[in-house]
Each structure stands twice: as structure tokens, then as C-alpha cells.
Amino acid sequence: MEPTINRGLDGIYIDTSQVCHIDGQRGELIYRGYDIRELANKASYEEVAYLLWHDDLPTRTQLETFRQQLRPHFAVPPEILEHFRRCPLATQPMHALRSAVSMLAAYDDNPDEVSLNNVRRIGLKLVAQFPTIAAAFERIRHGLAPVAADPELSIAGNFLYQLTGAKPTPAATRVMDVALVLHAEHGANASTFVARATASTLTDVYSAITAAVGSLKGPLHGGANTEVMKALEAIGSVDKIERYVLDILADPKGRVMGFGHRVYRVLDPRANVLREVAEKLAEESGESKWFEMSLEMERVMDREMEKRGKQVKPNVDFFSASVYRMLGFPADMYTPIFAVARISGWMAHLLEQYADNRLMRPQLVYQGPVGRRFKPIAER
Ligand code: CMC
């Protein structure tokens, strides 16, 4: 019988999971049974990280314990900061983050044990250290000294503090929290699959997360938020959006960044929440340009996709770009912010993978030549 090929693993289920469910037809996303819209409205990132690693939301005491467990880990080894100082100026933040995660293994006394206790211990470190790493790199490449975390601040608050050196307002911290909650988890997306597939060889957490960071960086995945802002910056004004979109769609292989999804056939619920956040920020800041351009791009895409009978809607990376712009982040930091959030989801999946592992080893249908005879090099 001919094997079935599912290119891009489209429609393939690799295992069961308790962490996250996506209903792509109804535009629903749940983390362990809780609707993402409710979590984005009401939960902190720490509550969500706890939820992803446990059966349920934490009680007040459990949350305080979780925060205390994170606190000792915010600092990163000084050798990593030294490495950042030596990086060429043009080094992209995602390359820096990926290298830093890989280096962290060298400074861990027990990097290789994949018992659940040890995986959880490393997870706490990584959740605390990702924001420190991303913020420190951003400051160092601009000639600024890294800022040590303030143990009294939340992860969202600390991330803003470590980026800017100023204590963030409650409003900015809340926007950051919402962004982190929305990006924390998303089932078997490419980077999570890569993390699980890497862990399935029973290699260590640092290797699996290094691979995941590399996967997230791609423009078809987490790198799309950076591409969205680069496009908006290059387009420059609302009146040029239509031409830009039509030019891309003139090529059947053209892709407008920030639109489309493998699973959602209707609007990604995270995009809806981020659209509201972007609208509010635009009103409050008076800097409405990026939001207005985004709305125009959505309008033109809706019209053009409807004409073509396709279901291609904005995804999470579309409105997050204008949100981050209005928070003052440079475009190439958007994907590291995604990683700062997604580390909790990756770790939830590694806990599941190591708890009941089976090596992931798919196959390819060979279509190359057969029966060739080896010719000595002088005869080729
Ligand atoms: N612009 C224009 N047309 C699109 C787009 C887009 N962004 N996305 C999908 N389509 C069309 C595409 O032309 C195709 O039409 P046809 O069936 O006639 O060939 C149809 O929709 C299906 O597209 P696909 O590329 O085969 O779908 P996929 O499931 O393989 O790809 C995707 C999903 C996310 C890679 C793709 O939509 C894309 O390249 N989007 C732009 C990049 C992006 O925004 N990525 C972020 C994804 S969501 C968050 C995350 O993972 O980080």
C-alpha cells in the first residue's frame, strides 16, 4: 500500500495532551479548560505559567510559593552578558537568545537529568531568565548596562524594568501581562513540536529549548511579528496599504505577514484581544498610525480573501506588532518577547513528553534513483 504523505504534518496528531485545545473552526483557544479571553482579561502571566505546568490555577499560597521559587533565578551567569558584549553589533536578538539558552547548560550543575523534578527546576530557571536575557541583550547592544531584576516586580513588570531601567506603570505592566498570557501556549505549533521531538531522544531540556527558540525565529512562525512591523514601516502610510497587499497577492506564493494560520479558519481569538489592546493604546498615546495601517490591511485582506474564497484572517502576530511598537520596543525584539512568553508553554510540553516518552521518528517516501553501481572517482 502507498504510504500517505501529510506534507507539513498537516492533520497529524502526534500524541494526547492535557495542556491546550484549539478549535480552529470556532476560533477558540483554551489552556487546561480555561478560555484564553478570560485568562487574558483576568490572569497574570505567573498564574498562567503555573496553570500550564499543573492541573489547575494556583491558590493564593501556591502562587506566592511559585513566585518565591522564581525569584532566585532572575540573574543570568555573567559569562553570558560578557558574551553579549563581544557579539558583533549586527547580531539579531533571536540569535543571541538561542545561543544564551544553549550556553546556560554549561552553568547548570545537573543539565542532563530528565526526571520531572529536574525538568521543573530548569523550567523555573528558564521562565525567570528569558526576560533577563532578552532585556540584557537589548541594552548591551545599545551600549547600556544590564539592569538587575527587582524581586518585588512580576515577570511582566520586571521585563519592562530590565529593558528600560525605569519602574513601569501599572498600565504598561498590564499590557505586557496580557501579551505574555496570550502567547504562552498554543498546542503543537512548530516550535513546541520541535521541542517535543528533540526531547523525545531523551536529550536535555536546554537542547530542546535551544531548538525551539530556533524554530520560533522563522518568519512563518514567531518571526512574523517582526516582519509585520518591518512591512508597516516600509509602507509608511495608510493610503499605500492597498497597493502593497495587491502586489503581494499578485504572486500565488505571496504571503502577507501576520495573516493565515494552519489551524484557525476563523479569526484567531488572540488577534481579537490584541486588536482591542492596540486600539486602546492608540487612543491613549495619540500614536494611532500603526493601528490605523493595521486596520486598513485587515480590511483589504478581508476583501481580497473573500473574492478568492479563502479563509485567511489576522493571526496573533498581526496586532501584537502595533502593540509592541506603541510600548516602544524595536521590531527585532518582538520575537524574543514571544519567546519570553512561550517558554512556559514549551516547558509544559516537555513535562508531558518526558513523563511518557516515545521517540519521534517519521519517515520519508524515497523518490530518488535506485540500483546505481559505484564508479571509482577516476571514471565519474
Ligand atoms: N497571505 C496570503 N495568502 C495566504 C496567507 C497569507 N499570509 N496565508 C495563507 N494564505 C492562502 C494561501 O495562498 C493558500 O492558498 P491556496 O490554497 O490557494 O494555495 C491558503 O491560504 C493556505 O495557505 P498555506 O500557506 O498553504 O497554509 P499553511 O497552513 O501551510 O500556512 C501559515 C500557515 C501561517 C504558514 C501561512 O498562513 C503564512 O505563511 N502566513 C504568514 C506568516 C505568518 O503570519 N505566520 C504566523 C503564524 S501564527 C502565529 C505563529 O505561529 O507564530
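The structure under discussion appears in the preceding block.
Here's a quick rundown of the structure.

**Notes on the overall build of the protein chain**
Of regular secondary structure, the protein chain possesses 16 helices and 3 strands. The C-alpha radius of gyration computed for the protein chain amounts to 22 Å, which stays within 12% of the reference 21 Å derived for 380 residues, consistent with globular compactness. The C-alpha extent of the protein chain, read off along each of the three principal axes, is 70 × 55 × 45 Å. Residues counted as buried form 49% of the 380 residues belonging to the protein chain. A sequence separation of at least 24 residues applies to 75% of the contacts in the protein chain between residues at least 6 apart. Of the accessible surface of the protein chain, which amounts to about 18,900 Å², a share of 52% is contributed by carbon and sulfur atoms. When the 45 basic and 47 acidic side-chain charges of the protein chain are each reduced to a single mean position, those positions are 6 Å apart.

**A closer look at a nonpolar patch on the surface**
Together, L9, I12 and I14 line one region of the surface with nonpolar side chains, adding up to about 230 Å² of accessible area. In this structure, L9 sits in the segment before β1 (20-23). Judged by relative accessible area, which is 38%, L9 ranks as partly exposed.

**Looking at the sheet that holds β1**
Strand order in the open sheet formed by 3 strands is β1-β2-β3, and the pairing between neighbours is antiparallel. The open sheet terminates on both sides in strands that have one partner only, identified here as β1 and β3 (34-35). Two strands pair when backbone bridges link them, and β1 and strand β2 (residues 28-31) are joined in this way by 4 bridges, in the antiparallel orientation. Each residue of the ladder has a partner; that of D23, found in β2, is E28.

**Section: empty space enclosed by the protein**
The full count for this structure, using the stated rule, is 2 cavities of 30 Å³ or more. When its volume is computed, the largest cavity comes out at roughly 40 Å³. In terms of lining, the largest cavity is formed by G260, H261, Y264, R265, V266, D268, Q311, V312, K313 and P314. Grouping the constituent residues of the lining of the largest cavity by class yields 4 nonpolar, 3 polar and 3 charged. As for the second largest cavity, its lining consists of P93, L97, I133, A134, F137, M333 and P336. The set of elements that each furnish at least two residues to the lining of the second largest cavity consists of α5 (93-104) and α6 (116-141). Of the residues belonging to the lining of the second largest cavity, the class tally is 7 nonpolar, no polar and no charged.

**Topic: the pattern of salt bridges**
In the structure shown here, the tally under the stated rule is 28 salt bridges. Between E304 and R303 there is a salt bridge, with its nearest N and O atoms 2.9 Å apart. On the basis of relative accessibility, which here comes to 4%, the residue E304 falls in the buried class. Here E304 ties to R308 by a salt bridge, and the two come within 2.7 Å at their closest N and O atoms.

Definitions and limits used
Residues numbered from 1 in each chain as written. Predicted model: local features only at pLDDT ≥ 70, side-chain atom pairs only at ≥ 80, totals over all residues. Heavy atoms only, no water. Helix = DSSP H or I, 4+ residues; strand = E, 2+ residues; numbered from the N terminus. Rg over C-alpha atoms; globule rule 2.2 N^0.38 Å. Buried < 20%, exposed > 50% of the residue type's maximum accessible area, 1.4 Å probe, protein only. Contact = heavy atoms within 4.5 Å. Areas by Shrake-Rupley, 256 points an atom, 1.4 Å probe, with all protein chains shown as cover. Lys, Arg positive; Asp, Glu negative; His and termini not counted. Charge placed at Lys NZ, Arg CZ, Asp CG, Glu CD. Patch = residues over 30% accessible without salt bridge, like charges linked within 9 Å, V, L, I, M, F, W, Y side chains within 5 Å. Salt bridge = Lys/Arg side-chain N within 4 Å of Asp/Glu carboxyl O. Pairing = 2+ DSSP bridges. 1 Å grid on protein atoms, 1.4 Å probe; cavity = no way out; pocket = protein on both sides within 12 Å on 5 of 7 lines; lining within 4 Å. Points joined across faces, edges and corners; volume = space filled by probe spheres on them. Nonpolar A, V, L, I, M, F, W, Y, C, P; charged D, E, K, R; others polar.

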